[in-house]
Amino acid sequence: MTRDEARAKIIFALDVNEFSDVEKWADLLSPHVGMFKVGKQLYTACGPAVVRMIQKYGGEVFLDLKYHDIPNTVAMASLEAARMGVKLFNLHALGGYEMMAKTVETLDKEFKGEERGKVLAVTILTSSNEQTLQEVGINLPVPEMVVKLASLAKKAGIDGVVASPQEVPLIREACGNDFLIVTPGVRPAFAAADDQKRIMTPAEAVKSGADYLVIGRPIAAAPNPAEAAQAIVAEIVAG
Ligand code: C5P
C-alpha cells in the first residue's frame, strides 16, 4: 500500500467544541489525514459552518450524527448531509429497514448516479453489551446482532458500517468486499490505550479488512500531532 492510500484511510476525530480549534486542526492535519470526523458535540456547538471550514482547508468530512428517526425525517436529514458535500455520514441500523431504504432511495433520486457521500450504518454501539441489549428487550448476543444489522443495512442499499475492529472479519464475511467498514478503537503501537478496551493497531485493523480508521487522541494528544499522523501512515504502509 502506498503512503497516499494509507493516509486516505485515517479519519481524525475532531472531539472539540470550538471553531478556532477546528481551524487549527484542519490547517495542521489536512496534509496528513484523509478525513475529519465531526460529531454531535461539535456540530451542535458550531453547525454546518464547521463542515465548510474543514472543506476550505481541503479536508474531507465524516459527519457522525447517527440519525435515528422516522424514515422521512432521516431521509431528509441525510439529503442535507449529502448536499453539504460530506464524504461519509451515518444513521442507526436499529431505525429499521424502511428507514434505511427510504434514505438510499431519496439520495439516489437526487444524485442520479453522480458521486455522493456514502451512508454508513451504526449497528450496536461498542458501549453496549449483552445486558444493555437485554434491558431494551433484545435477547441475541452482540456479535449476532451486529451481523444481523449489518446485513439488513446492506440489503437496504447502505454503503457500509461503523464497527469495532474485532467485528470486522464477521461483517466482511456476511456483507462482502465492497461494503465499507469504518473502525474506531484503533491504537498505534506508540500510543496509550486511553479508555478504549478492545483495541487493535492501525496495521492490524487494515489487515483484518477495515477501509477507514477513526483516530482521535493518539494524534491529538501527541507532542507533535502531524508527526504522529505520519507515524500511523508509516505503520499502515509497513503492515
Ligand atoms: O480518541 P479516540 O481515538 O479514542 O477517539 C475515537 C473516536 O471514535 C471518538 O470520537 C469516539 O467517540 C469515536 N467512537 C469510539 N468508539 C465507538 C464509536 C465511536 O471510540 N464505538
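For the structure itself, look to the data block above.
Residues numbered from 1 in each chain as written. Predicted model: local features only at pLDDT ≥ 70, side-chain atom pairs only at ≥ 80, totals over all residues. Heavy atoms only, no water.

Q: For this particular structure, what's the right way to read the environment of V182?
A: Note on placement: V182 falls in strand β7 (residues 180-183). With a relative accessible area of 0%, V182 lands in the buried category. Separated by 144 residues in sequence, V182 and V38 have C-alpha atoms that sit 14 Å apart. If we ignore the near neighbours within four places in the chain, the residues touching V182 are I11, F62, L88, L120, V161, V162, A163, Y212 and V214. (Helix = DSSP H or I, 4+ residues; strand = E, 2+ residues; numbered from the N terminus. Buried < 20%, exposed > 50% of the residue type's maximum accessible area, 1.4 Å probe, protein only. Contact = heavy atoms within 4.5 Å.)

Q: Would you explain the packing of helix α2 (residues 19-29) against helix α12 (residues 225-238) in this entry?
A: A pair of packed helices is captured by two measures, namely the crossing angle of their axes and the spacing between those axes. Two numbers describe how α2 lies on α12: the axes approach to 9 Å, and their chain directions differ by 50°. Judged on the interaxial angle alone, α12 and α2 are oblique. You can see that α2 and α12 cross each other, and the crossing is right-handed. In this structure, α2 uses W25, L28 and L29 to contact α12, whose residues at the interface are P225, A226 and A229. (Axes fitted to C-alpha atoms, helices over the stretch in contact; angles between N-to-C directions. Parallel < 35°, antiparallel > 145°, perpendicular 65-115°, else oblique. Left-handed = near helix turned anticlockwise from the far one by under 90°.)

Q: Can you help me understand helix α8 (residues 142-155) in this one?
A: For an α-helix the count is 3.6 residues per turn, leaving residues at separations of three or four pointing the same way. Taking 1.5 Å per residue, 14 residues should reach 20 Å; α8 reaches 20 Å between its end C-alpha atoms and fits that length. The inward-facing, buried residues of α8 contact α6 (97-111), β5 (118-122), α7 (130-135), β6 (160-162) and α9 (168-175). Directly after α8, the chain includes G157, whose backbone phi takes a positive value near 95°. (Expected span 1.5 Å × (residues − 1).)

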